[in-house]
Structures are given as C-alpha cells and as structure tokens.
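Working through the structure, step by step
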Amino acid sequence: MDQPFDLSGKTAVVTGANTGLGQAIAIALAKAGARIALVGRSAPDETVAKIEHLGGETAVVMADLSRSEVASEVIAKSESALGPVDILVNNAGIIRREDALEFSESDWDDVMGTNLKVPFFLAQAAARSMTAGKRSGKIINIASLLSLQGGIRVASYTASKSGLAGLTRLLANEWASMGINVNAIVPGYFATNNTAALRADEQRNRQILERIPAGRWGDPEDLGGAAVFLASRASDYVHGTLIPVDGGWMGR
C-alpha cells in the first residue's frame, strides 16, 4: 500500500473548525492533501488562512449546528464547493455545567441536540451521498473522556458523549459492509480556550497533570495523527473503535 495516509483528492467536512481541536484536525487533514469544508456559526478566518498558507483548498459553510435540519444542506453546500464528500469529522460541541439536582431542560436539550442529534443527521447525510455515489468514506466522531467516565455537573454533556460513543458503534455495524468506516477519537485534557480556567487553577491543574502519565496537557496538534489515520486508507479495516488521545489518562 503506497502512501496510505495520503488524502490527496479527498474532500473532508469538519464542523467547529474555527479554533482549538477542530482547527488542528482541519489543518492536519489539509496537510495530508484533503480539501476542507469548514462548517460552523463563526467565520473560521484563522483556519482558512492557515490552510491556504499551506497551499490547501478550503470552503466555508456557515450553519447553525444546533439545528438538525441543516445537515443535508451542509453536505450539499460542501459538495457544491469542493466535490463529493469522502470524510466527515463531527467535532462541534457545547457543554453546560450545573448540579444534576438543578439541571434545566433547556440545557439538556441544547447540548443533546448539538452533540448527538446533529452529528447523527450529518453522518446520515454524508453516508447517503457516499452510498449514492458508490464511494467508500470515513466518518470520525469527536467523543470525550466522558464517553467513558461519568464526570460531575455536566449531565447532558456526559449523556451526549456517551451516546456518541454508542452511535459510533451502531453506525459502524450498519455501514461497514458499504465501505464506510465510522470511528471516534477520545481527546483527553487539551490546552484550548475551553480549558483555560482549569489550567489557571493551580490546584486543579496540578491534580490533572498528576493523573496524566505523559505529564503535560495535550496540544491540539496532538490530535492530527489520529485524525489522518482514521480519514485515510490506513484505517480501512478499523470500524467502530474509540481511540483515546489522552496522554495515557485512561490507562492510569
């Protein structure tokens, strides 16, 4: 198998790629040769600039990813701009924090919609395109350590990410025979805007680092290798798996 990680000629759709983990994944896929459709509510100007600096090709698809009815439109617009979709990365997600005794229905519904419902319908729309075009494809869900653990004060986030892990396996079971690989990446603790408060808390920062065998917070670029692997021919016989990229956290 020559250059199994080469994504030249492939089109990838990445949600929530304006900053952080999504941005790093989009850049990694672009470095491997893929065209990248960047999807979200915020203009991913920085991501576009970084990819274009590498000589990559991008398209921006603005969409409210809290609404499942946009899924088919996202795939259609991505394909109109860059060609048939070969890779979907369901990265966009939100979190709400509150004690379970006080957790509101709106915070439950908002998180479950964005983190679980919308990724399902995006995967469905992408898979329909792949099967209609008789193409193989790769769907990568971005799960969480809370797909594997309980956490505290994040009831809907834990439920949604646990559901995403189960959905990954279900879709793999149904679509593997069609040449569509569905897998998930499980990020550990990464240095992003979302974890700034944790890293600024001296005690919490120390506790987290003590649990991570690698002894450091993850850099968003650390996700790139796993993403390229799951998006490429190198993972053609990998179905329904969750790959932790966590510095050893889950092995502790």
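Residues numbered from 1 in each chain as written. Predicted model: local features only at pLDDT ≥ 70, side-chain atom pairs only at ≥ 80, totals over all residues. Heavy atoms only, no water.

Labelled according to an unreviewed UniProt entry, the chain appears under the name 2-dehydro-3-deoxy-D-gluconate 5-dehydrogenase KduD, originating from Congregibacter variabilis. In its Sequence similarities (unreviewed entry) section, the UniProt entry covering the chain states "Belongs to the short-chain dehydrogenases/reductases (SDR) family." (UniProt positions renumbered as here; feature names shortened; annotations may be inferred.)

The next point concerns the overall build of the chain. Each helix and strand in the chain was counted, giving eight helices and seven strands. Here the chain has a C-alpha radius of gyration of 17 Å; the compact-globule value for 252 residues is 18 Å, and the two agree. For the chain, buried positions account for 50% of its 252 residues. Computed over 24 positive and 27 negative side-chain charges, the inter-centroid distance for the chain is 4 Å. (Helix = DSSP H or I, 4+ residues; strand = E, 2+ residues; numbered from the N terminus. Rg over C-alpha atoms; globule rule 2.2 N^0.38 Å. Buried < 20%, exposed > 50% of the residue type's maximum accessible area, 1.4 Å probe, protein only. Lys, Arg positive; Asp, Glu negative; His and termini not counted. Charge placed at Lys NZ, Arg CZ, Asp CG, Glu CD.)

Here we take up the environment of Ser 136. For Ser 136, the location among the structural elements is in the loop between α4 (105-132) and β5 (137-142). Note on Ser 136: relative accessible area 46%, which makes it partly exposed. Between the alpha carbons of Ser 136 and Ala 30 there is a distance of 19 Å; along the sequence they are 106 residues apart. When near neighbours in sequence (up to four residues on either side) are disregarded, Ser 136 contacts Met 130 and Gly 179. (Contact = heavy atoms within 4.5 Å.)

All right, on to the sheet that holds β5 then. Reading across from one edge, β3-β2-β1-β4-β5-β6-β7 is the order of the seven strands in this open sheet, with parallel pairing throughout. Taken across any chain shown, the strands that pair with only one partner, and hence form the sheet edges, are β3 (58-62) and β7 (242-245). The sheet shows a mean angle of 20° between the axes of neighbouring strands, direction not considered. Two elements, β5 and strand β6 (residues 180-187), share six bridges in a ladder whose sense is parallel. By the bridge assignment for β6, Lys 138 is matched with Asn 181. (Pairing = 2+ DSSP bridges. Axes fitted to C-alpha atoms, helices over the stretch in contact; angles between N-to-C directions.)

Before going further, it helps to examine the pattern of salt bridges. Counted under the stated rule, the structure contains 12 salt bridges. Among the salt bridges present, the one from Asp 99 reaches Arg 153, with a minimum N-O distance of 2.7 Å. Remark: Arg 153 occurs in the loop between β5 and α5 (155-175) and Asp 99 occurs in the loop between β4 (87-90) and α4; sequence separation between them is 54 residues. Among the residues examined, Arg 153 registers a relative accessible area of 39% and is labelled partly exposed. (Salt bridge = Lys/Arg side-chain N within 4 Å of Asp/Glu carboxyl O.)

We now examine the side chain of Asp 86. Mapped onto the fold, Asp 86 is located in the loop between α3 (71-82) and β4. Taking relative accessible area as the criterion, Asp 86 reaches 11% and is therefore assigned buried. Only 2.9 Å separates the side chain of Asp 86 from the backbone nitrogen of Thr 11, close enough to count as a polar contact. Once you skip the residues sitting within four places of it in the chain, Asp 86 turns out to touch Gly 9, Lys 10, Thr 11, Met 130, Arg 135, Gly 137 and Lys 138. (Polar contact = N/O pair within 3.5 Å; in protein donor to acceptor, adjacent residues only side chain to side chain.)

With that settled, consider the nonpolar core. Across soluble globular proteins, nonpolar side chains have a tendency to be buried as a group. Membership of the largest hydrophobic core comes to 32 residues, with the highest contact counts inside it found for Val 13, Leu 65, Val 74, Ile 139 and Trp 175. When contributions to this core are tallied by element, the ones reaching two or more residues are β2 (35-40), β3, α3, α4, α5 and β6. The biggest single contributor to this core is α4, with nine residues. In contact with Ile 139, other than residues within four places in its own chain, are Leu 88, Asn 90, Ala 123, Met 130, Trp 175, Ile 180, Asn 181, Val 182 and Asn 183. One finds Ala 12, Ala 17, Ile 25 and Ile 87 within the second-largest nonpolar core, a separate group that totals 30 residues. (Core = buried A, V, L, I, M, F, W, Y, C linked by side-chain atoms within 4.5 Å.)

Per the counting criterion, the structure on display carries three aromatic pairs. A ring pair is formed by Tyr 189 and Trp 217, whose centres lie 5.7 Å apart and whose planes are at 85°; its orientation type is edge-to-face. Taken together, the residues Tyr 189 in the loop between β6 and α6 (196-200) and Trp 217 in the loop between α7 (202-211) and α8 (224-231) connect sequence positions 28 residues apart. Aromatic side chains Tyr 189 and Trp 249 sit 4.8 Å apart centroid to centroid with 50° between the ring planes, which places their arrangement in the tilted category. Residue Tyr 189 is found in the loop between β6 and α6, and its partner Trp 249 is found in the segment after β7; the two are separated by 60 residues along the sequence. Exposure remark for Tyr 189: the relative accessible area of 21% places this residue in the partly exposed category. Put simply, the rings of Tyr 189, Trp 217 and Trp 249 pair up and form one aromatic cluster. The aromatic ring of Trp 217 is capped on one face by Arg 199, whose charged end is 5.9 Å from the ring centroid. Here the guanidinium or amino end of Arg 211 rests over the ring plane of Trp 249, the centre of that ring lying 4.3 Å away. (Phe/Tyr/Trp six-rings, centres within 6.5 Å; stacked < 30°, edge-to-face > 60°. Lys NZ or Arg CZ within 6 Å of the ring centre and 35° of its normal.)

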